[in-house]
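Below, each chain spelled out in residue letters.
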Amino acid sequence: MGHTSLDKIIALQRNPANIRNLCILAHVDHGKTTLADCLVASNGIISSRLAGKLRYLDSREDEQVRGITMKSSAISLHHRNGDQEFLINLIDSPGHVDFSSEVSTAVRLCDGSIVVVDAVEGVCPQTQVVLRQAWLENIRPVLVINKIDRLIMELKLTSQEAYIHLQKILEQVNAVTGTLFTSKVLEERAEKQKDEDKDSEVLSGDQVYDWSAGLEEVDDSHLYFSPDQGNVVFASAIDGWGFSVQQFVSIYSQRMGIRAEVLLKTLWGDFYLNTKAKKIMKGAQAKGKKPLFVQLVLDNIWSLYDAVVMRRDKEKVEKVVTSLGLKVMARDMRHSDPKVLLSAICSQWLPVSQAVLMMVCEKLPSPLDMAAERVEKLMSVGARRFDSLPHQTQELKTAFLQCSSEENAPVIVFVSKMFAVDPKALPQYRQRPLTQDEIAQRRELARQRHADRMAAEQTGAENNKEPTHSTHSENLPQDGQPAGLSTAKMENLTLKDSKPADEEEPKEVFIAFARVYSGVVKKGQRVFVLGPKYDPTHGLSMLPEGYSASDCVSDVPHLSCCTMESLFLLMGRELEELEEVPAGNVLGIGGLEEYVLKSATLSTAPACPPFTPLNFEATPIVRVAIEPKHPSEMPKLVRGMRLLNQADPCAEVLIQETGEHVLVTAGEVHLQRCLDDLRDRFAKIEISASKPIIPFRETVVRPPKVDMVNEELGKQQKVAIIHQVKEETSQSRSDTLHMDSSGVVTITTPKRLATVSVRAIPLPQEVTHLLESNSEVIRTLEQVNMSLREGKSLDISLRTMEAIAGLRTKLQSLLQGRKWRNAVERIWAFGPRRYGPNILLNSVEGYQRPSVWQCLGQGDEASETPAAVLRDFDNSIVSGFQLATLSGPLCEEPLMGVCFSVERWDIQSSAPPQHQDSLEEDSISHEAIADNGAEGSSETPAQAERTAAGPSQAARRTEATSADCYGPVSGQLIAAMKEACRRAFQSQPQRLMAAMYTCDIMATAEVLGRVYGVLGKREGRVIQEEMKEGTDMFIIRAVLPVAESFGFADEIRKRTSGLASPQLVFSHWEVISSDPYWVPTTEEEYLHFGEKADSANQALKYMNAVRRRKGLYVEEKIVEHAEKQRTLGKNK
Ligand SMILES: Nc1nc2c(ncn2[C@@H]2O[C@H](COP(=O)(O)OP(=O)(O)OP(=O)(O)O)[C@@H](O)[C@H]2O)c(=O)[nH]1
Ligand SMILES: [Mg+2]
């Protein structure tokens, strides 16, 4: 615990005004953990000599080995600022993109953040991401520009150049903040406008929106980072120094007799000192003068580095040391490494912990200052409006804002992640170092025992009835006592020492990483666990008044109860047990593993809504199938994967239809960590992981205009396609299937009750992007429509409505032209899973169904006309479309960017379906049997099964007679629709789509060539390259197929001897231009590719790999003309 006692921290926890909950955020390797080390060292938890080298919060072995942080971890520190004492709950977060979900979990629990920026690298992609994350969670940032020593030692900049460089960095950071701010103001502005419009009910078409209006009115100066605002610290965490301009202001205002306020305003900026006039003047740059900051601040640091490190000028150093009034130990003076001396001087002169903690205490908000806006955001889940929540719920807002620790305040806790700890690390099992008292006691006891023994020996063997001290059983319960409070007796200690550490297999213990927003949580308290879908309106109406978590036997959906079995103070690698934790603190909670999977809201009030879900920036994309080395260990693996799923905010664990156990992770490094965890902690068995499973999408494109050798495609190609189609049609017995030359596929259900005609059309690329990026909006739209259909109405927030309307407008503007006339209004459904990037279009003449946009209200007229009724089986068409888009014909991967237009849909729907079934049974049973034989061969078993598995059919099926071998009509229609979509898809030029990463690489000029080499080899494409100002670094942005990315980071690192390391983030899907089914058709193509065209066809290679993995048929000719090949071999 360092030199702060547990009691002290407990006392500090009660004063929320002096608590700061904050996290350290930055791009990878910008020095977060090193900075955290310095702060931790200020509390004596680690030695200040080791600060920066130990990386104390990187407690995992692989974190130390790789040198990157992989999880966020918290530590509580004590800081005295002036006459006030503060409790700092500090969370260190990882910077590597693979772990960005850990950043989300950290940010949620904080009120402020320290954003660290490397002085050489400046603003990097992840810096922008974390600034955005902080912004989205409404937490206030302060800035630390770290690694300034690198400007001196590596870049060898002069102090003047460094000043300009630092200014640029500050500008870059502020530019990011500015963009975030502007977009927010505009959004609010638009919302307000909408509200006003609604109020005044004036909806004139020619309204003029002034987009820039509002920006000038809002004061944004507090948002920006500026040294004179006191929210910037310049530091070198590794050398232990850091300062804010305030510190120098207080030094120089006395020494030079300038008023502090004046100096504060001018120390950073374009000001210089006119020594003759003894005045501070503006315009240093124009007049070629040294800015004040350089003269008074940077020059001192530069000359110190010069004296200590560069020139090793002993005399000068001594002079500096005495003039600064510092004490440096003689052995540091003599040390062979000048860096040791440097940090000995700097850490006394300008200790970084002092500067940073002071800034934190003064500039970051306490839990009491939580903004009302943030509370509303946390409480309104999904599409709901805050003011549509029940009034009891709205009242809870005051509880948040008061952050009260009164007895009667409702307890509100948010758990942002669950993390696994080794049970040996829990306080009750841990061997603590002995305190002075305990050592004295122990010594005393030993002496006594020795004396006893001596006495016993003397008095003889008979009277040794004297009770010994080791009555173990009595002392057992003491084990569970809070560690800090125990004035442990000797017996207790002996007991612990003698107990074998792992008598039984220790189970992983899960601790919830949480924060108290209101009330006091107590050990053993019972609270409600509110699932993400819990609805307080519903809960309140079902539960009796005054119902509490202690008498929890409710069957309210998404609500359960649990007991908080233990509470912990998080101290980096250690945990200290607590009895209670008041509002405003970060804590660990034990005993929730049964109730909480990854995150949850806990409360004593059933009116509390679940918090909005965390914003995750990373998309899990890398999948591997996992199996145990020994098949008998499967249960262990399953259990282990369940634990892993709980312990990692981002990893997903699932069982695929094929029965494989699949792990989905954010990237290679994350994957490696998950596998290590599984092997060593959660499953404790040998496992083998497949090669990463790469996801693909299937799509159709417009027929190409040129062939593979860039010759204009004439008629012959078209003829070939039509020919092919005809051939296929005739092959697959075609009285129920018909395909015309324009690609319209018509299928009749086996009993000829219904006929559908479908055409597949490629969607314009922008539309696909739009649908993909709006999947949440579409999902909400679908929910709203669903409830409208059920006759309920949802209270949708204005923002959601606007998003839906915006999507519609954008779709309308993108879907232009004759082909898409009125298409947006005719959208029938999205798929797969009802929100995917494919569209089902209603082009059936005379069939008017309610528009998907009906919730917007404008479709009213249409839905009132009598024709706008849902036909029976409307749903079957949608289901068939969903199935078809879920797995395509190329390799059963989901479709993307395809529009299926239903051109005809005839159904005999006057009679109720069952009735009709029996009527027609006799007349067509003969034909039906014949059909069945043929159909069976063309339908894959999986498909047949899925068709049969529709919910409604299962029940009906039992009623059906054995002659009814197709099931009810709805099922047949689903199958027919699916088949029609599939065939229509196949009649168009089909393509695979590959997942792409964007990849940011920073490299020096020498290794640039090699980076390009590796990128080229892996089909990467450079899209941007620029030189970082003031350095010799290049920033390269490239796109790279995920399929080619495995081992990419390692290869780059190896080839460049570690000088460049890429950051890969999933970005988008891209069509692979080559046709997987391509065969040469023209003479030129024959010449160029040969008859078999077996030179690399990337798409075919990918497709076959997927098919092979899925156990699907792969068409491959392994040996052709064996004799010929043999003769060839002989001749050689
Ligand atoms: N020259 C110099 N190097 C530093 C400084 N601070 C940190 N480093 C080095 O930068 C590297 C990364 O430091 P970390 O503290 O692990 O960086 P991080 O931001 O925690 O990295 P992740 O957690 O992986 O994102 C280490 O090798 C440090 O020694 C500094 O002030 N000056
Ligand atoms: Mg780190």
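Relevant structure appears above.
Residues numbered from 1 in each chain as written. Chains lettered and ligands numbered in written order. Predicted model: local features only at pLDDT ≥ 70, side-chain atom pairs only at ≥ 80, totals over all residues. Heavy atoms only, no water.

### Focus on the coordination of the magnesium ion (ligand 2)
Heads up, the condition is: Here a donor is any nitrogen, oxygen or sulfur atom (N, O, S) within 2.8 Å of the metal, with 3.2 Å used for Na, K and Ca; water is not among the atoms considered, so some sites may look incomplete. Runs of E in the DSSP output that reach at least two residues are strands. Runs of H or I that reach at least four are helices, and both are numbered from the N terminus. Buried residues are those whose accessible area, probed at 1.4 Å on protein chains only, stays under 20% of the maximum for their type, while exposed residues exceed 50% and partly exposed ones sit between those limits.
The magnesium ion (ligand 2) binds to the protein through Thr-33 (OG1) and Thr-69 (OG1); the donor distances cover 1.9 Å. In this pair, Thr-33 is assigned in helix α2 (residues 32-41) and Thr-69 in the loop between α3 (61-66) and β2 (73-81), connecting sequence segments 36 residues apart. Here the two residues Thr-33 and Thr-69 agree in accessibility, since each one is buried.

### Description of helix α23 (residues 668-682)
Stated precisely, the cut-off is as follows: Helix span, as expected, comes to 1.5 Å for every residue beyond the first.
For α23, which comprises 15 residues, the first-to-last C-alpha distance of 20 Å matches the rise-based estimate of 21 Å (1.5 Å per residue) to within 8%. Listed in full, the buried residues belonging to α23 are Val-669, His-670, Leu-671, Arg-673, Cys-674, Leu-675, Asp-677, Leu-678 and Phe-682. Of the residues one or two after α23, Lys-684 is the one with positive phi, at around 55°.

### Notes on the packing of aromatic side chains
Put simply, the test is: Pairing of aromatic rings covers Phe, Tyr and Trp, the last through its six-membered ring, and needs centres within 6.5 Å; plane angles under 30 degrees mean stacked, over 60 mean edge-to-face, and all others mean tilted. We call a charge positioned over a ring when the NZ of a Lys or the CZ of an Arg lies within 6 Å of the ring centre and within 35 degrees of the ring normal.
Inspection of every chain in the model, using the stated rule, returns 25 aromatic pairs. Pairing Phe-243 with Phe-248 gives two aromatic rings, centres 5.0 Å apart and planes at 80°, and the pair type is edge-to-face. Ring centres of Phe-248 and Trp-349 lie 6.4 Å apart, and the angle between their planes is 85°; on these two criteria the pair is classed as edge-to-face. Of this pair, Phe-248 sits in helix α8 (residues 245-256) while Trp-349 sits in helix α14 (residues 338-349); the two residues are 101 residues apart in sequence, bridging distant segments of the chain. Accessibility expressed as a relative area gives 18% for Trp-349, which makes it buried. Three or more aromatic residues link up through ring pairs in this structure, and these residues are Tyr-163, Phe-234, Trp-241, Phe-243, Phe-248, Tyr-252, Trp-268, Phe-293, Tyr-305 and Trp-349. One Lys or Arg, Arg-108, reaches over the ring of Phe-414 and ends 5.0 Å from the middle of that ring. Over the aromatic face of Tyr-835 sits the side chain of Arg-779, whose NZ or CZ is 4.1 Å from the ring centroid.

### Topic: the sheet that holds strand β21 (residues 652-655)
How we decide: At least two DSSP bridges between two strands are required for those strands to pair. Helix axes are fitted to C-alpha atoms over the stretch in contact, other axes to C-alpha atoms as well, and angles between N-to-C directions run from 0 to 180 degrees. Contacts were defined at the residue level, with two residues in contact if any of their heavy atoms lie within 4.5 Å.
Ordered by their spatial adjacency, four strands build an open sheet running β21-β22-β20-β23, and the pairing between neighbours is antiparallel. At either margin of the open sheet sits one strand with a lone partner, and together these are β21 and β23 (687-689). Geometrically, the sheet is characterised by an average inter-axis angle of 30° between neighbouring strands, direction not taken into account. Direction of pairing for β21 relative to strand β22 (residues 661-665): antiparallel, over a ladder of four bridges. By the bridge assignment, Ile-655 is partnered in β22 with His-661. Of the strands in this sheet, β20 (622-628), β21, β22 and β23 are in contact with helix α22 (residues 634-647), which crosses β22 at around 25°. Its contacts with the sheet place α23 against β20, β22 and β23, and it is angled at close to 135° to β22.

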